[in-house]
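Structure assessment
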Amino acid sequence: MIPLARPVLGEAEERAVLDVLRSGQLSLGPRVPAFEREFAARVGAGWGSAVSSGTAGLHLALRAVGVEDGDEVVTSPFSFVTSANVALYERARPVFADIDPVTLNLDPEAAAAVVTERTKALLPVHIFGYPADLPAFERVADRRGLAIVEDACEALGAAHADGTPVGGRGHPAVFGFYANKQITTGEGGIVTVGDEALKARIDSERNQGRAPDMGWLDHDRLGFNYRLSDIACALGLAQLERLEEMLAARARVAGSYREALTGIEGLGLPCADSGGARRGWFVFVVQLPCGVDRDATVCALAAQGIQSKPYLPAIHLMSFYRERFGHREGEFPVCEDIAARSLALPFFPGLSEGEVTRVAQALREAIGR
Ligand SMILES: Cc1ncc(COP(=O)(O)O)c(C=O)c1O
């Protein structure tokens, strides 16, 4: 079976983890700040706070910019569900706006149109690693006095048109390290920030509300256990060492897919980099031609030993969101059309040319083109 994803793990990772095990300091040790420094430097951010998941990072980032009960957070309906859920953790409301049909990212104009006096923050998602139009969101935020939190969980290695790496514009930006991501720590995430006071708050809240200079059992604010262990951070440091090589391999696989799939009538491919923006390749998601049965396509690929997955469903049409907020079909037509036709194909650095050809051939046969 060709899987959807497979991490690159080798002797360096084994050695790094073994070193931590042998040191006896499995948490709250030196690998955490070392990983934070290395990561922040890689994306041009001032500081980083390592956390237990991308979700934990988004939660703490929203708290850090002051989102609270009754606020609204404007975000994308075409994302992994957590970028909307985190607003609900703080009893704020996620407010959706439609996406750009080319980049599949939240459309800044559509987002601006749903801002109200209750809006506290914009939460653009760099979906599938393609950078959202941050300069446009920054203009909206400046005009309306809003904070920005970036969901960069899929976007390590991406850069904006002006060359700034995603995560390096000063807003809290959250990266994820689940096993299918550009680098993995098993589970994990990091919040990069451009303000040391925000780092101090996030560091405290991820660690049960402790201040760094306080006794172990004193707590001066509400906190959580969202810590990332030294074992995970050691793994992250080893993965960062091979980041450029893995990003290049992902870009190479994406290029092979593009070559193999170009010209199939009606098939939508990930948008090419444009205007200087650069994608940090995370997944290879195609939109099936209108009228093609996606479930049957998944079954046909599986019969050929190829994993694939509908990815992503529209958040507002998930049963929880329908029931809680009364969302219905037709609210965000671009998102709904894209979500209904999207299919993730196997994509990871070690995918060979031969495997890409096999997937492309099987896809052509499955959709009858
Ligand atoms: C866009 C997006 N946001 C947030 C997350 C959440 O990250 P985690 O699974 O580490 O909590 C993911 C992870 O899959 C994601 O793809």
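In what follows, the accompanying structure is described. (Residues numbered from 1 in each chain as written. Predicted model: local features only at pLDDT ≥ 70, side-chain atom pairs only at ≥ 80, totals over all residues. Heavy atoms only, no water.)

Observations concerning the side chain of Arg210
With respect to the helices, strands and loops of the structure, Arg210 is situated in the loop between helix H7 (196-206) and helix H8 (230-241). Although Arg210 lies buried, it forms no salt bridge, and the closest oppositely charged side chain, Asp218, sits 8.8 Å away as judged by the N-O distance. (Helix = DSSP H or I, 4+ residues; strand = E, 2+ residues; numbered from the N terminus. Buried < 20%, exposed > 50% of the residue type's maximum accessible area, 1.4 Å probe, protein only. Lys, Arg positive; Asp, Glu negative; His and termini not counted. Salt bridge = Lys/Arg side-chain N within 4 Å of Asp/Glu carboxyl O.)

Examining the site of the ligand
Around the ligand, a shell composed of 13 residues is seen, among which Gly54, Thr55, Asp151, Glu154 and Lys181 lie nearest. Within the side chain of Glu154, one N or O atom sits 2.6 Å away from an oxygen atom of the ligand. The protein chains hide 91% of the 390 Å² of surface that the ligand would expose on its own. In terms of residue count, helix H3 (residues 54-64) provides more of the shell around the ligand than any other element does, three residues in total. Among the residues forming the shell around the ligand, the class breakdown is four nonpolar, six polar and three charged. (Near = heavy atom within 4 Å. Polar contact = N/O pair within 3.5 Å; in protein donor to acceptor, adjacent residues only side chain to side chain. Areas by Shrake-Rupley, 256 points an atom, 1.4 Å probe, with all protein chains shown as cover. Nonpolar A, V, L, I, M, F, W, Y, C, P; charged D, E, K, R; others polar.)

Thoughts on the packing of helix H9 (residues 243-261) against helix H13 (residues 353-367)
For any two helices packed against each other, the geometry is given by the interaxial angle and the distance between the axes. Where H9 contacts H13, the two axes come as close as 9 Å, and the packing angle between them is 35 degrees. Seen along the crossing, H9 lies across H13 with a hand that is right-handed. Contacts between H9 and H13 involve Val253, Ser256, Tyr257, Ala260 and Leu261 on the former and, on the latter, Glu353, Val356, Val359, Ala360, Leu363 and Arg364. Here the contact of H9 with H13 is built from residues that sort into eight nonpolar, one polar and two charged. (Axes fitted to C-alpha atoms, helices over the stretch in contact; angles between N-to-C directions. Left-handed = near helix turned anticlockwise from the far one by under 90°. Contact = heavy atoms within 4.5 Å.)

What about the environment of Gly368?
Locating Gly368 in the fold gives a position in the segment after H13. What makes Gly368 exposed here is its relative accessible area of 64%. Placed 71 residues apart in sequence, Gly368 and Thr297 show a C-alpha to C-alpha distance of 10.0 Å.

With respect to the pattern of salt bridges
Opposite charge on two side chains lets them pair, provided their charged atoms get close. Counted by the stated rule, this structure contains 18 salt bridges. Where Glu36 meets Arg206, a salt bridge forms, and the shortest distance between an N and an O atom there is 2.7 Å. Taken together, the residues Glu36 in helix H2 (residues 31-43) and Arg206 in helix H7 connect sequence positions 170 residues apart. Two residues, Glu72 and Arg118, come together in a salt bridge whose shortest N-O distance is 3.1 Å.

A word on the pairing of strand S2 (residues 72-75)
Here S2 shows no split at all, with Glu72 and Val74 on one side and Val73 and Thr75 on the other all buried. Sheet topology note: the S2/strand S3 (residues 93-96) ladder contains four bridges and is parallel. The partner of Thr75 across the bridge, within S3, is Phe96. Handedness of the β-α-β unit built from S2, helix H4 (residues 82-89) and S3 comes out right-handed. (Pairing = 2+ DSSP bridges. Right-handed = clockwise from strand over helix to strand, strands pointing away.)

Some thoughts on the environment of Val8
The residue Val8 is located in the segment before helix H1 (11-23) in this model. Residue Val8 is classed as partly exposed on the basis of its relative accessible area, which comes to 23%. Taking the C-alpha atoms as reference points, Val8 and Asp69, 61 residues apart in sequence, are found 41 Å from one another. Leaving out residues up to four positions away in the same chain, Val8 has contacts with Glu13, Gln239, Arg242, Met246 and Pro349.

Here we look at a nonpolar patch on the surface
Together, Leu18, Leu21 and Leu26 give the surface a local cluster of nonpolar side chains, amounting to about 230 Å² of exposed area. Residue classification places Leu18 among the partly exposed residues on the basis of a relative accessible area of 35%. (Patch = residues over 30% accessible without salt bridge, like charges linked within 9 Å, V, L, I, M, F, W, Y side chains within 5 Å.)

Quick look at the sheet that holds strand S11 (residues 342-345)
Taken in spatial order, the three strands make up an open sheet running S9-S11-S10, and their pairing is antiparallel. The outermost strands of the open sheet, each flanked by one partner alone, are strand S9 (284-287) and strand S10 (309-310). With two bridges connecting them, S10 and S11 associate as antiparallel partners. Directly across from Pro310, in S11, lies its bridge partner Leu343.

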